[in-house]
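# Observations on the model geometry
Letter by letter, the chains look like this.
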4 protein chains.
Amino acid sequence: MNSPHGVGPTGLWLIGARGSVATTVISGLLALRAGLVEPIGCVTERAPFDVAPLPAWDELVIGGHDIVDTALDKRAEQLSAAGLVPASVLRGIAEGLRVVDSDIRCGYHPTLHTGSQAEAAETLIGDLVSFRERHGLRRVVVVNLASTEPPVPLVAEHQDLAALEQALADPTRTVLPPSSLAAYAALRAGCPYVDFTPSTGITLPALRELADLKGLPYAGRDGKTGETLLRTVLAPMFTARALKVRSWAGTNLLGGGDGATLGDPEFAASKLESKARGLAALLGSDVTAPLHIDNVPDMGDVKTAWDHVSFEGFLGARMTLQFTWTGYDSSLAAPLVLDLARLTSAAHAAGRSGPLGALAFFFKDPLGSDEHRFAEQTRELAHWVDELRVSLTGDADGLPGSATGSANPEAGAQA
Amino acid sequence: MNSPHGVGPTGLWLIGARGSVATTVISGLLALRAGLVEPIGCVTERAPFDVAPLPAWDELVIGGHDIVDTALDKRAEQLSAAGLVPASVLRGIAEGLRVVDSDIRCGYHPTLHTGSQAEAAETLIGDLVSFRERHGLRRVVVVNLASTEPPVPLVAEHQDLAALEQALADPTRTVLPPSSLAAYAALRAGCPYVDFTPSTGITLPALRELADLKGLPYAGRDGKTGETLLRTVLAPMFTARALKVRSWAGTNLLGGGDGATLGDPEFAASKLESKARGLAALLGSDVTAPLHIDNVPDMGDVKTAWDHVSFEGFLGARMTLQFTWTGYDSSLAAPLVLDLARLTSAAHAAGRSGPLGALAFFFKDPLGSDEHRFAEQTRELAHWVDELRVSLTGDADGLPGSATGSANPEAGAQA
Amino acid sequence: MNSPHGVGPTGLWLIGARGSVATTVISGLLALRAGLVEPIGCVTERAPFDVAPLPAWDELVIGGHDIVDTALDKRAEQLSAAGLVPASVLRGIAEGLRVVDSDIRCGYHPTLHTGSQAEAAETLIGDLVSFRERHGLRRVVVVNLASTEPPVPLVAEHQDLAALEQALADPTRTVLPPSSLAAYAALRAGCPYVDFTPSTGITLPALRELADLKGLPYAGRDGKTGETLLRTVLAPMFTARALKVRSWAGTNLLGGGDGATLGDPEFAASKLESKARGLAALLGSDVTAPLHIDNVPDMGDVKTAWDHVSFEGFLGARMTLQFTWTGYDSSLAAPLVLDLARLTSAAHAAGRSGPLGALAFFFKDPLGSDEHRFAEQTRELAHWVDELRVSLTGDADGLPGSATGSANPEAGAQA
Amino acid sequence: MNSPHGVGPTGLWLIGARGSVATTVISGLLALRAGLVEPIGCVTERAPFDVAPLPAWDELVIGGHDIVDTALDKRAEQLSAAGLVPASVLRGIAEGLRVVDSDIRCGYHPTLHTGSQAEAAETLIGDLVSFRERHGLRRVVVVNLASTEPPVPLVAEHQDLAALEQALADPTRTVLPPSSLAAYAALRAGCPYVDFTPSTGITLPALRELADLKGLPYAGRDGKTGETLLRTVLAPMFTARALKVRSWAGTNLLGGGDGATLGDPEFAASKLESKARGLAALLGSDVTAPLHIDNVPDMGDVKTAWDHVSFEGFLGARMTLQFTWTGYDSSLAAPLVLDLARLTSAAHAAGRSGPLGALAFFFKDPLGSDEHRFAEQTRELAHWVDELRVSLTGDADGLPGSATGSANPEAGAQA
Ligand SMILES: NC(=O)c1ccc[n+]([C@@H]2O[C@H](COP(=O)([O-])OP(=O)(O)OC[C@H]3O[C@@H](n4cnc5c(N)ncnc54)[C@H](O)[C@@H]3O)[C@@H](O)[C@H]2O)c1
Ligand SMILES: NC(=O)c1ccc[n+]([C@@H]2O[C@H](COP(=O)([O-])OP(=O)(O)OC[C@H]3O[C@@H](n4cnc5c(N)ncnc54)[C@H](O)[C@@H]3O)[C@@H](O)[C@H]2O)c1
Ligand SMILES: NC(=O)c1ccc[n+]([C@@H]2O[C@H](COP(=O)([O-])OP(=O)(O)OC[C@H]3O[C@@H](n4cnc5c(N)ncnc54)[C@H](O)[C@@H]3O)[C@@H](O)[C@H]2O)c1
Ligand SMILES: NC(=O)c1ccc[n+]([C@@H]2O[C@H](COP(=O)([O-])OP(=O)(O)OC[C@H]3O[C@@H](n4cnc5c(N)ncnc54)[C@H](O)[C@@H]3O)[C@@H](O)[C@H]2O)c1
Ligand code: NA
Ligand code: NA
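Residues numbered from 1 in each chain as written. Chains lettered and ligands numbered in written order. Predicted model: local features only at pLDDT ≥ 70, side-chain atom pairs only at ≥ 80, totals over all residues. Heavy atoms only, no water.

## A word on the UniProt feature "domain: Myo-inositol-1-phosphate synthase GAPDH-like" (unreviewed entry) in chain A
Summarizing the sequence annotation, UniProt attributes the feature "domain: Myo-inositol-1-phosphate synthase GAPDH-like" (unreviewed entry) to residues 226-330 of chain A in the numbering used throughout. In residues 226-330 of chain A, the share of helix is 40% and the share of strand is 36%. The end C-alpha atoms are 11 Å apart. (UniProt positions renumbered as here; feature names shortened; annotations may be inferred. Helix = DSSP H or I, 4+ residues; strand = E, 2+ residues; numbered from the N terminus.)

Given below as structure tokens:
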């Protein structure tokens, strides 16, 4: 349980607020507040990550941008039919969904927008600022949950903030992809930014410069919820046991909005790149690693990943490990988004800025960290949360339990 | 590569020296010495476990007990036909196999033996002592690789050394199972003892008392090479991510001598118990966990394990992970036996005694440790090896690499 | 669509009418009648099995026995929460469920019943007869969907009808298991009997004698819906390709009522026997074939089967096939129950009696047939249905499509 | 066992004679002749396909074309190291391999050849004719086992034999891909032609015209040995049970020469097309069916296919079937090549010409047949073999067993 003497009322602004993940985040938060469900999958609710003062469930206020206008309660019903939101929960959150809906604004539409991107940014900033004021929030964490974008070629203006702002002002140019425009607006509005997608977002040097200038923390990118989670858990085992991985093949089948986007090879490129980087970091680059993402509409929000690992052991013996992971993607993602909002909010409260590398635990392609091994990420996160606690409470000793906690991040049996 | 200034010539005495694992250990060591293969799977050959001075490959001398008398080169040929020892390697080690063969003695046969167990123990002790003297060895590590025994009911004499020795002297009683008699003989001969099987072995209080008395280290039990290795890698992931595991079912198919033994439910009981204890320690005891070991003779030395994990996520979503592991059991086990011989030998040289809990990394049911999480075991082992280095070399700073090494036990890409 | 000029109003009497399969049968039939769902999984709705005149959906009237009294609409709600009945369907069939509920009677309770089994049988017969009369039905097909029973040892009275009836009259004896008592009552009431379970049911010689005497058809046993279905599809492939299967291991995980029953080894025995018989019939008896059924309550009505086939090819190469089948058991079973009711009803109308071997297509352990190969069963069923059509309509030529149909039972693409 | 009074000495001319499949064919035939192995995987050795008089193992004489010159015994050693040919067999066939080697000629090299393709064809024809005469063979069956080619765009000359021959004579053109040139040469030399690859081969109308002209039989294409075999076995099950397949995804991992070729998307195109055609023919075209072939060199000759089938059942329940097939591709292919040589030879002896549709049993993309369902193909083949027997022996009644045989193609347990 998180402290009521926490970092105070925090806004959570979702880019892509009507998407599957976002709708699950919103539905889940409402259900948690109403006590309709347990916080399964929320790591900030359990040891050793629960020691810092974090905003409580009813201190989180949600708003966001999207470019479609399907009402949230309709989206939640669709998710319910798909097995993501139990029918009983749906009944209890209908009113709450309508309230959040009234805080969703129209986002930046890449093909419909007219005028300069600077103007577009001003609108986005205005939405953020008025949301913060309207609800009397101490801070607003912006989380990108919009559709994955294709990778963009770097240009000179991406390297330098001044040059970038000049280009933004030019109505004939579209220098930033939507995710980066969203990041720009967030930073300009004084908001920490978290990228849960593999899109370009805040990774451009000019935007990192802006974050430094504003003293804002950020985190990313690409939520680690399935195949990659398992890879970062399993690959270190082979290394620790001195077994030689020769190939690691993967196939991902998914439907839903994300499946449709990633079924297009151009859009999948950024996701495939972020996955491949991780495997190479864990096992070296001489491992054959074919990887596919297939759009299989009938699977809806279920994602199935099959991985086949071929490795060599003593005396050259050839062996294999296969796994099949079948999960509801949005169910896996949503509690992490709530965790990220809480932790980033606390980091902001504690005055942290720059990339939050200790949040690598959550991401396929961690900003500010080269650590891909999940057990190490778990340990680093526990340590960082404990430091945060000290910063925010001034209490260096912690609660009796917490010291043990930080030494033993996965300790003991499940609650 | 391990230091030539190591702990010096070490004997490795295998109980069950003509079995699959033992023959693979012997073949592999000969092949390593002859430079015919790489030390894949030997963790003491790579960072961060390679910092302590350990016996080099050509400082290990092998002997052992068995109750069958098939010649080692015949056994190696059988393993080669089964795909475990490459034909090219076989040719290069034929002579070496015959040499080792001459150091294998007839072990204690539970049903053929006549006389008291004390007499039997004397014979075993005699074999060990004369082996040590014949080869001028500083120490001999005894490793149990014999067929798995059924669990035995504890009796009063198992609790107290004096009472035990009285019972041993009684020719009408058979107070100890073979593995425990072997452990008794090892300790009495001043040898560290490692149990790679789930048999009773050294776990009886009276034998632990003897180990303390003699100031000897020991380790065990039940080598962790497949399904359990994966479980100790994967279960902490669910805990760290606050996902609720509901059931974890497993089926193991195996042939070979081990398959035949474990196909008998009475004998499988000890293996099933050691596996179940591990899962409960990792996930708590309310996880449904049916587990089977099936004897499938046609699979020979290949072991296939299928696990099916059902877990609950955010908003109650039900998801699954399945894996299939297909490995050559003896290939996975053999390098660990070499590692254990080296590390236990160094521990003995450094004056350690009692259960070596830091070797939990190697075992399904670790003696002297409650830690089942593989990443934590890896870290603890690295730390312990570094301490061993300090004890043996007096060098507190270590090699430049070692400090990093111990902080980063699975660091970086594969060699 | 089946002919309105069919065999006329038919009763479908379910033993175990409040179980998962039965509730799915009832819910599904109501939904089909209301046009709320497509008849997916109902083979009598498609070529080549749709040629005979069969009772239409609204000509089937359901009643049954059970020994629990949970209301059907409650059970349907439970199944809906488990993902078996869509929420939208549930709303449309609520009234229908209550109507069927009024035709469910209290069945024979093996441990609570007092008096002779003959008396019990009279009650059951009375229920059947009054159901038939109340609804003006031409015939009533009794289908056993009750919990699986353990196998019973054969006694002399099971071999001979007169002896059996004498024993039934003896209030101190319990000569028949419930499934056989149900079969006895059905036959005595002039009803064809179908056993969808692996219980003893009608297989006793004395009951077969009674069926012959009454000129009644019967069919069974043990609905083929998952692992065994796949085995009877895959095993013939190995035979046809002259590949030598060496082992075929299987593990079944299931929850629900059936899981709880089959989790008990005594009760699972009949299921395991019926599965093993099938594999031996397909591949011979020298195939190693360990088989497990595990009760995993958290899986509810989902059944997961993993099979691992190891086979030998040219030059002795060893290869494997694994499959994982994840299905809703009751969804797979229910449409087959409707098909069986229709087909058995038509067989009765056409004057067939004795075991309906041509229904082997539906069963793990087919009565009246030694054919386990699924493709052959499909062909035989098609042929039989066409004969039935001729019997019932006198039309030897069939519809234009039907000739092709019966020659090509799995013809072309899916509808 | 096949009749010694068969169709007499038959040549088997392999295009790609030094490849993996071809070397396995040759090694296997030599081992069969020497009685070193059983004919596992050879369907013509068992009922019901063994009724026709076919060339005996020692009546088959092998020669072939290749464009590399690695000696056959070297290739066999490589296959032995890869686990395909047992070491014991290798010793017994060394001399035989050298004999076959002396009948392998240099084939048509697409990039090194100079001059017209007509000249190249003359050389190939000369090789075939002199092989036939040198060994006094009644007939020579040419089987294409060369590397898969990319699909070629159809041009006008492919439609008409006269136009084709004019283009062949033009030294500035390369109108035929190598597989089609090989087919052309085979037909011109009076040899039946079998295409075991998905290459263009004999499928061009002009070549079919030539086959008709010469009264020669031919068969193809693309040997069915793994994933597709299973698909043609499993898909009819879903259809027969009225279950609605929604998606069928597949991933194939393979190394070896075939892996390297098919890893190139251009070359894989013909294989992917032939696989996709089959699935659509079985299930209709509205099934989502992503399919991948990945080159994973470390897997050598092992091919692993993972398929994931998602289907809908009663009341819309969503269920899945997954399978993993792990096989030695050349082991699976080689016995089929021997079967095809025997059967095509007998067809030639019996005066059959044109596409042998009854051989669809062997192929992914059967020429002369639209039947993809494996059980139906099995039945058709049995029927055809029986007809062949009648043609060749004049005996309409057959052996006592054969009548049953043809009605029951997969009958009973394995031999
Ligand atoms: N679910 C997971 O496990 C997971 C893991 C890692 C990353 N992600 C990423 O999260 C993102 C969301 O996934 P999802 O399944 O919810 O997808 P989705 O398609 O359901 O939702 C995306 C939403 O973004 C909106 N959108 C698109 N462009 C926008 C813009 N310019 N401004 C504002 N809104 C915009 C869309 O209208 C849509 O509502 C994807 O990028 C996905 O790759 C998801
Ligand atoms: N291979 C693995 O991955 C692994 C992992 C954990 C534990 N183990 C354990 O290692 C042991 C050996 O496995 P294996 O596959 O080599 O089995 P195996 O059957 O091939 O060999 C066992 C050997 O022990 C000998 N033996 C039996 N009783 C003896 C006695 N009283 N004294 C001396 N020798 C005796 C047998 O004659 C045989 O040669 C088993 O207990 C197994 O459970 C193996
Ligand atoms: N679902 C499948 O795919 C499948 C396949 C083959 C066979 N079966 C068999 O079908 C049967 C039903 O399965 P289920 O999942 O519905 O089980 P379930 O436990 O949900 O239902 C069984 C019902 O039978 C009732 N019952 C028990 N004893 C009875 C008696 N003496 N008289 C009347 N009713 C009695 C119980 O009260 C319960 O309502 C089982 O025997 C199962 O093995 C099911
Ligand atoms: N193994 C199977 O299960 C299987 C199934 C279906 C089809 N096939 C097909 O069989 C073929 C052979 O497979 P493989 O694994 O033996 O491949 P491989 O690469 O080992 O062998 C191919 C051989 O063809 C030779 N070759 C190439 N071009 C040639 C030419 N113009 N003339 C003569 N020889 C030529 C190559 O030098 C090589 O020796 C492939 O096309 C493959 O797709 C194999
Ligand atoms: Na990084
Ligand atoms: Na065709």
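## Re the relation of the copies chain C and chain D
Take chain C, turn it by 180°, move it 0.0 Å along the axis, and it overlays chain D with an RMSD of 0.0 Å. Considering both components of the superposition, the chain copies are consistent with a two-fold axis. If distances are taken from each C-alpha of chain C to the rotation axis, the shortest is found for C:F323, at 2.0 Å. The fraction of interface residues of chain C whose copies in chain D are also interface residues reaches 100%, indicating that both copies meet through the same surface. (Least-squares fit on C-alpha atoms with pLDDT ≥ 70 in both. Contact = heavy atoms within 4.5 Å.)

## Observations concerning the site of ligand 1
Residues and elements named next belong to chain A. Taken together, 27 residues lie around ligand 1, and V21, D66, A146, T148 and T225 are the ones closest in. In this structure, D66 approaches ligand 1 through a side-chain N or O atom, which is 2.6 Å from an oxygen atom. Contact between ligand 1 and S147: an oxygen atom at 3.3 Å from a main-chain N or O atom of the residue. When residues of the shell around ligand 1 are traced back to their parent elements, those giving at least two are α1 (20-33), β2 (60-66), α9 (256-262) and α11 (329-349). (Near = heavy atom within 4 Å. Polar contact = N/O pair within 3.5 Å; in protein donor to acceptor, adjacent residues only side chain to side chain.)

## Details of helix α10 (residues 265-283) of chain C
Residue and element names in this part refer to chain C. Compared with the 27 Å implied by 1.5 Å per residue over 19 residues, the 25 Å span of α10 between its first and last C-alpha is a close match. The largest bend in α10 comes to about 25°, at K271. For α10, the set of buried residues is A268, S270, K271, S274, K275, G278, L279, L282 and L283. The elements touched by buried residues of α10 are α8 (227-240), β7 (244-254), α9 (256-262) and β8 (291-295). Just past α10, the residue G284 takes up positive phi, approximately 90°. (Expected span 1.5 Å × (residues − 1). Bend = angle between axes of the 7 residues up to and from the residue. Buried < 20%, exposed > 50% of the residue type's maximum accessible area, 1.4 Å probe, protein only.)

## Let's talk about the environment of A:G255
Residue and element names in this part refer to chain A. Looking at where G255 falls in the secondary structure, it is placed in the loop between β7 (244-254) and α9. Linking G255 and N295, residues 40 residues apart in sequence, is a C-alpha distance of 5.4 Å. Once residues lying within four places of it in the same chain are set aside, the contact partners of G255 are A260, N295, V296, P297, M299, G300 and V302.

## As for the coordination of the sodium ion (ligand 5)
Those protein atoms acting as donors to the sodium ion (ligand 5) are A:P366 (O) and A:S369 (O), and they sit at 2.2 to 2.4 Å. With respect to class, A:P366 is no different from A:S369; both count as buried. (Donors = N, O, S within 2.8 Å, 3.2 Å for Na, K, Ca; no water.)

## Details of unusual backbone geometry
Of the consecutive residues A:A47 and A:P48, the connecting peptide bond is found in the cis state with omega at 0°. Inspection of the secondary structure puts A:P48 in the loop between α1 and β2. Cis geometry is adopted by the peptide bond preceding B:R221, which originates at B:G220 and carries an omega value of -10°. Among the secondary structure elements, B:R221 is positioned in the loop between β6 (217-220) and α8 (227-240). In the Ramachandran plot, A:D222 falls in the positive-phi region, its phi being about 75° despite a non-glycine side chain. Within the secondary structure, A:D222 is located in the loop between β6 (217-220) and α8 (227-240). Residue classification places A:D222 among the buried residues on the basis of a relative accessible area of 0%.

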